[in-house]
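# What the coordinates show
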Protein chains: 2
Amino acid sequence: MILAADNLQITHPELAKALDEMNPAPIQSLVKNCITAGAQMIDINSGPLTREPERKMRFLVETVQSVTDVPLLLDTANPRALAAGLATAIHPPIINGFSMEPVKLEKILPLAKKYDTDIIGYLLYPHGQVPRGEVERMEIAVALFEAVQKVSLCPDRLIIDPIIAPVLWENGTLQDAGILNVIRRLPDLLGYPVRTIAGVSNLTTGRGNYEKKLLLEQAYLPMLAASGLSVALLNIFHAKTVQVAKACNALLNDPIFTWEGI
Amino acid sequence: MILAADNLQITHPELAKALDEMNPAPIQSLVKNCITAGAQMIDINSGPLTREPERKMRFLVETVQSVTDVPLLLDTANPRALAAGLATAIHPPIINGFSMEPVKLEKILPLAKKYDTDIIGYLLYPHGQVPRGEVERMEIAVALFEAVQKVSLCPDRLIIDPIIAPVLWENGTLQDAGILNVIRRLPDLLGYPVRTIAGVSNLTTGRGNYEKKLLLEQAYLPMLAASGLSVALLNIFHAKTVQVAKACNALLNDPIFTWEGI
């Protein structure tokens, strides 16, 4: 399980200001801290970037690349920003992401083909609603798989994001238990070792005690790992959660266990 | 997932002394602390009790029962001690346990029938070796299931213990990853909702940093929970592990999530 930091979010006021002023320092500082904390990928959540999308995404990608060479996830629904980011990235980035929403199929998915990059597909209905059950999620996975083939992108490029439900949602925990089964069954369903990614922070969205939220993500992350999750997108500054993730990897991935791996 | 305390071990010098002197106070004190810490079952690990097995097991059961009415696991390979414990227990105890070892099939398993109690079956070869792979564990589960039926005990009485491998064993982590699959598949294999129990402390037997050992069990426990483990037998004084277990239950078992459950 690879750890991707979800910390670079332009909705954060300090980062929004840095972007407005084209000031790389606060972003560089954040990214360096993410790498030190254990990030193996950086998600650049730029939001829609309605004004000057190309220039701003180029700035973001260049700024992050100036301090690290880990893979980047380009997290925007703006195709212009995305294209600029893809053209600017030195190392192959991952598009985050597309869904069965017509505009995404038309504007985002072809960029993965054009730049021959990995792309994350969300298990969401075309209009953005979250499916309720495992069967519905599996059906959407098949639809994403077919959509990828339709643009002649190699299916290996598709990384599935099952969209973790906040526990506070009605049936949220039931959905999250089902998501474990979906992750486990996707390789059989689609016939290849499908990679998966999940945004762990989603789990505890909304009200709740901070310590209990941490505890909940520390309990859910090993379940995701044991189900075969490839990439955990999380707040990389949750040090204990990162330690738990490393323990999961020592249990599940290391051919020879050593305490030094933890 | 129910939490059973593995703390009452007569190999502990203070408890050995209390048993020798038939002094209930240290045992009562320990058991009270276990219950306060979250124990929902108490494993009485009496060892072989070679001298005065009946008298000593009666004393142990009576002493524990004097301070709690949670179910007891009677953890001895001595059939005389076991029979005395079964006769003394007020609430139905669980026999911990039997294996395909001939002496256990002959002397221990019939006691479950006689006292109509639950009994734990270990996924071990007849001579006590630990099987290496998932298939071997499944075969032994079938053999235990058949043995239970042979003494006309209702198969629902069988609780399977897959025997967690210490991570420091050769292929230990590989075995422990396989055990997750075994736990998940047992209900399909045996055709009923098989209950399972696992001794979590086994995972970190041997050398290793204490904090890292805790981290490892906190990572493995949610994997066990997500696989459907019914009872976790653990050191109930590992407070953070107990909190993680409660978070697992809130994620997997509570029909309506509330923060108060954690």
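In the block above lies the structure referred to throughout.
Reference entry: report on the structure contained in this document. Bear in mind the structure is a predicted one, so any value in this text is a computation, not a measurement. (Residues numbered from 1 in each chain as written. Chains lettered and ligands numbered in written order. Predicted model: local features only at pLDDT ≥ 70, side-chain atom pairs only at ≥ 80, totals over all residues.)

When you go through chain A residue by residue, the secondary structure sums to ten helices and eight strands. The globule rule puts the C-alpha radius of gyration for 262 residues at 18 Å, and the 18 Å found for chain A is close to it. Once the C-alpha set of chain A is aligned to its principal axes, its extents read approximately 45 × 45 × 40 Å. Buried residues in chain A amount to 50% of all 262 residues. (Helix = DSSP H or I, 4+ residues; strand = E, 2+ residues; numbered from the N terminus. Rg over C-alpha atoms; globule rule 2.2 N^0.38 Å. Buried ≥ 20, exposed ≤ 12 C-beta atoms within 10 Å, placed from the backbone.)

Bringing the relation of the copies chain B and chain A into the picture now. Screw-axis analysis of chain B against chain A gives a translation of 0.0 Å along the axis, an RMSD of 0.0 Å, and a rotation angle of 180 degrees. Within this description, the copies of the chain are treated as partners about a two-fold rotation axis. Considering only C-alpha atoms, the residue of chain B closest to the rotation axis is Met-223 of chain B, which sits at 2.5 Å. Of the residues that chain B buries at the interface, 100% are likewise interface residues in chain A, meaning the two copies contact each other through the same surface. (Least-squares fit on C-alpha atoms with pLDDT ≥ 70 in both. Contact = placed C-beta atoms within 7 Å.)

The next thing to look at is the sheet that holds strand β5 (residues 118–122) of chain A. All names here are of chain A. Around the barrel, eight strands lie side by side as β1-β2-β3-β4-β5-β6-β7-β8; this closed barrel has parallel pairing. Neighbouring strand axes in the sheet, compared pairwise and without regard to direction, differ in orientation by 25 degrees on average. Sheet analysis places strand β7 (residues 195–199) next to strand β8 (residues 231–234), joined by three bridges and oriented parallel. Across the sheet, the residue bridging to Gly-199 is Leu-233, located in β8. In this fold helix α7 (residues 134–150) packs onto β5 and β6 (158–161), with an angle of close to 155 degrees to the strand it touches most, β6. (Pairing = 2+ DSSP bridges. Axes fitted to C-alpha atoms, helices over the stretch in contact; angles between N-to-C directions.)

Attention now moves to the interface of chain B and chain A. Taken together, the contact pairs 28 residues of chain B with 28 residues of chain A. Going through the elements one at a time, α8 (172–190), α9 (210–227) and α10 (239–252) of chain B are the ones with two or more residues in the side of chain B that touches chain A. Residue contributions to the side of chain B that touches chain A peak at nine residues, all from α9 of chain B.

Residues and elements named next belong to chain B. The buried fraction of strand β7 (residues 195–199) amounts to five of the five residues, a majority that puts the element mostly inside the structure. Every second residue of β7 is oriented toward a common face, with Arg-195, Ile-197 and Gly-199 on one face and Thr-196 and Ala-198 on the other, all of them buried. Two elements, strand β6 (residues 158–161) and β7, share two bridges in a ladder whose sense is parallel. Residue pairing for β7: Ile-160 is matched across the bridge by Thr-196. Regarding the hand of the β-α-β motif, the stretch spanning β6, α8 and β7 is right-handed. (Right-handed = clockwise from strand over helix to strand, strands pointing away.)

In terms of nonpolar packing, the biggest core is built from 180 residues, with Ala-232 of chain A together with Ala-232 of chain B touching the most fellow members. Per-domain counts for this core show at least three residues from each of domain 1 (1–91) and domain 2 (127–262) of chain B. (Core = buried A, V, L, I, M, F, W, Y, C linked by C-beta atoms within 7 Å. Domains from an automatic or database assignment.)

Let's shift gears to the environment of Leu-86 of chain B. Summarising the element assignment, Leu-86 of chain B is placed in helix α4 (residues 79–88). Look at Leu-86 of chain B and you get buried, because 21 C-beta atoms sit within 10 Å.

Now for unusual backbone geometry. Cis rather than trans, the peptide bond between Asn-96 of chain A and Gly-97 of chain A has omega equal to 5 degrees. Secondary-structure assignment places Gly-97 of chain A in strand β4 (residues 94–98). For Glu-52 of chain B, which is not glycine, the phi dihedral falls at a positive 50 degrees. Mapped onto the fold, Glu-52 of chain B is located in the loop between β2 (41–45) and α3 (53–65). With 14 C-beta atoms packed within 10 Å, Glu-52 of chain B lands in the partly exposed category. Of note in this structure, Asp-116 of chain B is not a glycine but carries a positive phi near 50 degrees. Inspection of the secondary structure assignment puts Asp-116 of chain B in the loop between α6 (109–115) and β5 (118–122). C-beta crowding within 10 Å serves as the criterion here: with 11 such atoms nearby, Asp-116 of chain B is assigned to the exposed category.

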